[in-house]
Amino acid sequence: MLEARNVFKTFRPSLGIAGEIRKLFGRAPQGGTQAVRGVSLQVFPREILGIVGESGSGKSTLGRLFSSLLLPERGEVLFEGKNLQELTKAEKLLFRRKVQFMFQDPASSLNPRLTAGRTLAEGLVIHKIGNRASRQKRVLELLGEVGLDPSFARRYPHQFSGGQRQRLSLARALSLNPEILIADEPASALDVSVQAQIVNLLLEEQKVRGLALVIISHDLALVSLIATRVAIMYGGLLMELIPQDLLGHINHHPYVKALWASAESSLAKEQNLILEGEPPDPENPPPGCPFAPRCPEAQLICQESSPPFKEDIPGHSVACFSRGESAPAPPEASPQPLTLGNQSR
Amino acid sequence: MTPPLDPSSPSTPPLLEIANLSVAFSQGRHLPIRDLSLALKAGEVAGLVGESGSGKSLTAFSLMGLLPHGAKIRGGKISFEGLNLLALDPQKRRSLCGSAMGMIFQEPLSALNPVITIGEQVAEIFRYKAGKTRQEAKELSLSLLSQVGLPNPKAAFKSYPHRFSGGMRQRVVIAMALALNPALVVADEPTTALDPTIALQIINLLRDLTAARNSGVLFITHNLRILEGFARKVFVMYAGLILEETERGLKSPVHPYTQGLVRALPPNPSERSGRALIPIPGGAPGPSDDLPGCPFAPRCPEREERCALSLPPLKTLREGLKVRCFRRETC
């Protein structure tokens with residue numbers, strides 16, 4: 001449905017006048033933040049895809065590439081088989097209707113000068129849907145759907161609490177009946193007790209509308225609970241793509257193991273899974289696997305070349321020299337030292 | 001799981017004792033902290049948990065004398081090692097901060113001065129608070145920076161804060177808070193700005209270093225999970241009030257709010273059994289909501305009529321457990 005093929009994105013610093021002149025003479029600027037460094041990932045209809053990573057891992061950039069809020073530097077993003085950069089104007093409009101994005105911070109992504117009602121009607125106006133009366137009706141429906149009182153249509157964003165704003169944000173994203181909803185950290189700005197409200201609302205909408213939902217988050221505990229597939233990013237690359245039923249039952253990528261451990265903080269100390277060091281510098285990533293400098297299982301080859309991201313079990317891919325086909329010993333024989341999902345389901 | 005230290009025997013006087021503290025903002029009647037009592041023994045680690053607006057950070061600021069402009073202490077007492085902090089003259093109180101009481105701030109970037117090198121910022125604590133010479137201070141700082149796990153203390157000493165990642169900056173802030181082996185460390189959301197794997201490093205560092213110094217720690221956070229391995233004594237705050245005080249961690253919470261909070265968390269990955277998140281309906285009350293009764297009543301699944309009318313007292317249910325709830329008075 002939506003597919004990224006080997007996409008790259010580098011954010012370059014602004015050049016200044018001297019830089020622009022140098023560029024004129026053919027000296028291309030070097031450097032910049034390499035946010036996404038070659039990622040291929042598909043979004044299937046009606047699935048819940050979780051993209052998990054720490055800050056600087058490239059997860060938000062990937063989400064923005066998917067929704068064409070950013071354009072890839074290399075590689076392509078396809079929607080229903082067509083390259084987003086080659087869409088006609090009409091197709092682009094349709095794409096924007098079908099793929100909606102929900103921003104992390106509702107306070108800064110809602111126009112403070114528009115009432116909630118205007119915010120929700122705006123998309124309908126742009127896409128020339130309905131007339132004034134039917135739009136009004138639709139706005140009230142949407143408010144009800146996300147659990148806001150109809151009287152809120154006249155309020156401005158600053159009159160909402162954080163949780164209510166995120167509900168409004170969701171209503172806006174749903175106003176055009178999208179097929180894919182990409183939500184960037186939908187709950188991380190909220191308190192725990194309200195966080196669960198928003199997550200449950202998202203899940204309900206996904207189910208009722210049959211949406212494909214892409215949830216971008218740093219919280220593996222949360223995502224592993226709700227997503228049908230989890231993609232783990234690190235240093236601008238995919239480390240592992242895990243279908244929900246395999247989560248916790250296989251020998252995961254070393255980084256994924258460490259991330260699990262941090263989700264279960266109290267266990268981490270006993271199991272010695274606290275990572276040393278820090279994520280790579282995105283301006284100057286290591287030549288090999290980005291995780292190699294912190295990896296407890298790193299070999300010589302890991303420092304030198306990047307392991308390919310390969311499918312080893314159907315639906316499951318991993319980028320690690322000591323996992324998958326190329327692994328020295330098949331991991332399935334013995335139970336792993338870190339049993340992650342011991343549920344008797 | 002176990003706390004790093006055995007709490008000292010009951011006969012020793014408390015390291016810190018806050019009694020019936022109330023804080024108000026100058027104009028309003030609203031009290032962001034109401035009748036808060038909290039005690040900590042020497043070397044004891046306690047967590048103060050609450051959501052945004054619950055008054056947990058304001059509690060830390062009251063302790064350190066760092067209340068924001070307009071906030072005033074309306075009543076109550078704070079005593080630290082037997083000293084009444086609120087009656088102490090400002091100069092004396094200042095001399096305690098940084099030496100006997102250290103604070104770790106939430107946002108390490110704004111806690112560090114951007115135009116002064118890391119080394120100078122750490123060394124000045126030794127020079128001005130402990131009267132060391134420049135050379136002594138430098139040596140002490142270097143050893144401290146290596147204790148908090150900076151890979152190259154000599155280079156770090158000469159660098160400015162912006163050169164550092166969030167995790168490294170927080171290590172520096174911890175170094176500064178612990179420089180003079182304080183008896184009490186107040187850590188206000190020290191890991192909130194950090195990534196999960198880095199947060200874990202910082203928690204461990206903090207646990208090891210404070211245990212080695214036998215410092216008492218008041219660990220303020222909204223993250224229940226992070227507290228799990230760190231503190232068994234936990235105070236739960238909501239809308240300026242302590243609703244539950246326990247010495248057994250949050251594995252089996254008692255107050256309906258704490259129970260709801262624990263249920264709303266994504267379960268521990270290895271304990272999950274396919275259950276959904278259970279949210280607490282509604283939102284926390286704002287400063288303009290004037291609730292005469294229990295502040296949690298509007299969201300509480302077990303509320304009764306009297307809950308909205310009068311505030312339940314914080315009652316001792318058994319040794320090491322106090323709960324503010326009419327529905328939990330017998331246990």
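Residues numbered from 1 in each chain as written. Chains lettered and ligands numbered in written order. Predicted model: local features only at pLDDT ≥ 70, side-chain atom pairs only at ≥ 80, totals over all residues.

On to the overall build of chain A. Looking only at helices and strands, chain A features twelve helices and twelve strands. Counting only residues that meet the buried cut, chain A has 46% of its 345 residues in that class. Considering only intrachain contacts with a sequence separation of at least 6, the fraction spanning at least 24 residues in chain A is 66%. (Helix = DSSP H or I, 4+ residues; strand = E, 2+ residues; numbered from the N terminus. Buried ≥ 20, exposed ≤ 12 C-beta atoms within 10 Å, placed from the backbone. Contact = placed C-beta atoms within 7 Å.)

Helix and strand content of chain B: eleven helices and twelve strands. At 20 Å, chain B has a C-alpha radius of gyration in line with the 20 Å of a compact globule built from 331 residues. Overall size of chain B, expressed as C-alpha extent along the three principal axes, is 65 × 50 × 40 Å. A separation of at least 24 residues holds for 64% of the contacts in chain B among residues at least 6 apart in sequence. (Rg over C-alpha atoms; globule rule 2.2 N^0.38 Å.)

On to the nonpolar core. Within the largest apolar cluster, 182 residues are counted, with the highest numbers of intra-cluster contacts made by Val214, Ile232 and Met239 of chain A together with Val122, Ala175 and Phe219 of chain B. Residues lining this core come from more than one domain, with at least three contributed by each of domain 1 (2–234) and domain 2 (240–345) of chain A. (Core = buried A, V, L, I, M, F, W, Y, C linked by C-beta atoms within 7 Å. Domains from an automatic or database assignment.)

Below, the discussion takes up the packing of helix H8 (residues 192–209) of chain A against helix H10 (residues 256–264) of chain B. Closest axis-to-axis distance for the H8 of chain A/H10 of chain B pair is 8 Å, and the angle between their directions is 45 degrees. Viewed along their axes, H8 of chain A and H10 of chain B adopt a mutual orientation that is oblique. The chirality of how H8 of chain A crosses H10 of chain B is left-handed. Every residue of H10 of chain B that contacts H8 of chain A at Val192, Ser193, Gln195 and Ala196 of chain A is listed here: Gly260, Leu261 and Ala264 of chain B. Of the residues that constitute the contact of H8 of chain A with H10 of chain B, the class distribution is four nonpolar, three polar and no charged. (Axes fitted to C-alpha atoms, helices over the stretch in contact; angles between N-to-C directions. Parallel < 35°, antiparallel > 145°, perpendicular 65-115°, else oblique. Left-handed = near helix turned anticlockwise from the far one by under 90°. Nonpolar A, V, L, I, M, F, W, Y, C, P; charged D, E, K, R; others polar.)

This part is about the domain arrangement of chain A. Residues and elements named next belong to chain A. For chain A, the assigned domains read domain 1 (2–234) and domain 2 (240–345). Across the boundary between the two partners, domain 1 contributes 18 residues, which contact 18 residues of domain 2. Every element with two or more residues in the side of domain 1 that touches domain 2 is listed here: strand S2 (33–43), helix H9 (220–226) and strand S9 (229–234). Per element, the largest residue contribution to the side of domain 1 that touches domain 2 is five residues, and it comes from S9. Classifying every residue of the side of domain 1 that touches domain 2 by side-chain character gives eight nonpolar, seven polar and three charged.

As a further point, take the pairing of S9 of chain A. All names here are of chain A. When you tally the buried positions in S9, you get six out of six residues, the bulk of the element. Side chains of S9 alternate between two faces, with Arg229, Ala231 and Met233 and Val230, Ile232 and Tyr234 buried alike. For strand S3 (residues 48–52) and S9, the ladder comprises four bridges, and the chain directions are parallel. Counterpart to Leu49 in the pairing with S9 is Arg229. (Pairing = 2+ DSSP bridges.)

In this section: the environment of Arg294 of chain A. Topologically, Arg294 of chain A is positioned in the loop between helix H11 (265–271) and helix H12 (300–304). Taking C-alpha positions, Arg294 of chain A is 37 Å from Gly162 of chain A, a pair spaced 132 residues apart along the chain.

What follows concerns unusual backbone geometry. Glycine aside, residues mostly have negative phi, and peptide bonds are mostly found in the trans state. Residue and element names in this part refer to chain A. The backbone of Arg46 shows a phi angle near 65 degrees, a positive value even though the residue is not glycine. Relative to the elements of secondary structure, Arg46 occurs in the loop between S2 and S3. The exposure class assigned to Arg46 is partly exposed, which follows from the 15 C-beta atoms found within 10 Å. Its identity is not glycine, yet Lys128 carries a phi of approximately 55 degrees, on the positive side. Positionally, Lys128 belongs in the loop between helix H5 (116–126) and helix H6 (132–145). Note on Lys128: 8 C-beta atoms within 10 Å, which makes it exposed.

Our focus in this paragraph is helix H10 (residues 254–263) of chain A. Counting buried positions over the ten residues of H10 of chain A gives nine, a clear majority of the element. Within H10 of chain A, burial applies to Pro254, Tyr255, Val256, Ala258, Leu259, Trp260, Ala261, Ser262 and Ala263 of chain A.

The next subject is the sheet that holds strand S6 (residues 99–102) of chain A. All names here are of chain A. Read from one edge to the other, the open sheet built from eight strands follows the order S6-S7-S8-S3-S9-S10-S12-S11, with strand pairing classed as mixed. The sheet is open, and its two borders are formed by S6 and strand S11 (310–313), each paired with just one other strand. Shown here is a sheet whose adjacent strand axes are inclined to one another by a mean of 25 degrees, direction ignored. Set on the sheet, helix H7 (residues 162–174) makes contact with S6 and strand S7 (180–184); between it and S6 the angle comes to about 170 degrees. Of the strands in this sheet, S9 and strand S10 (237–243) touch H10, which is tilted by about 105 degrees from S9.

With that settled, consider the sheet that holds S2 of chain A. All names here are of chain A. Taking strand neighbours across the sheet as the criterion, the four strands line up as S2-S1-S4-S5 in an open arrangement whose pairing is antiparallel. Either end of the sheet is taken by a strand with one partner, and the two such strands are S2 and strand S5 (82–83). Across the sheet, helix H2 (residues 59–66) touches strand S1 (2–11), S2 and strand S4 (74–79), and the angle it forms with S1 is around 125 degrees.

This brings us to the confidence of the model for chain B. Residue and element names in this part refer to chain B. For chain B, per-residue confidence averages 88 on the pLDDT scale, and residues scoring 70 or more make up 94% of the total. Put simply, helix H9 (residues 224–228) is where chain B has its lowest mean pLDDT, 81, and strand S10 (residues 241–246) is where it has its highest, 96. The low-confidence segment residues 1–9, where pLDDT is below 50, has 17 contacts with residues more than four positions distant or belonging to other chains. Overall fold confidence for the complex sits at a pTM of 0.83, while the interface term, ipTM, reaches 0.78. (pLDDT = per-residue confidence, 0-100.)

Here we take up the confidence of the model for chain A. Confidence along chain A averages 86 in pLDDT terms, with 89% of residues attaining 70 or more. The low-confidence segment residues 326–345 of chain A, where pLDDT is below 50, has 24 contacts with residues more than four positions distant or belonging to other chains.

A few words now on the environment of Ala263 of chain A. Residues and elements named next belong to chain A. Mapped onto the elements of the fold, Ala263 is located in helix H10. Judged by the 24 C-beta atoms lying within 10 Å of it, Ala263 falls in the buried class. Spatially, the C-alpha atom of Ala263 lies 21 Å from that of Pro293, the residues being 30 residues apart in sequence.

Residue and element names in this part refer to chain A. Turning to its location among the elements, Cys289 is positioned in the loop between H11 and H12. Look at Cys289 and you get buried, because 29 C-beta atoms sit within 10 Å. With twelve residues separating them in the primary sequence, Cys289 and Ile301 have C-alpha atoms 9.0 Å apart. Excluding residues that lie within four positions of it along the chain, Cys289 makes contacts with Cys302, Ser306 and Pro307.

Turning next to the packing of H10 of chain A against helix H8 (residues 196–213) of chain B. As a packed pair, H10 of chain A and H8 of chain B sit with axes 9 Å apart at the nearest point and diverge in direction by 55 degrees. Looking at the two axes, H10 of chain A sits oblique to H8 of chain B. You can see that H10 of chain A and H8 of chain B cross each other, and the crossing is left-handed. Judged by residue contacts, Ala258, Leu259, Ser262 and Ala263 of chain A of H10 of chain A engage Pro196, Thr197 and Leu200 of chain B from H8 of chain B.

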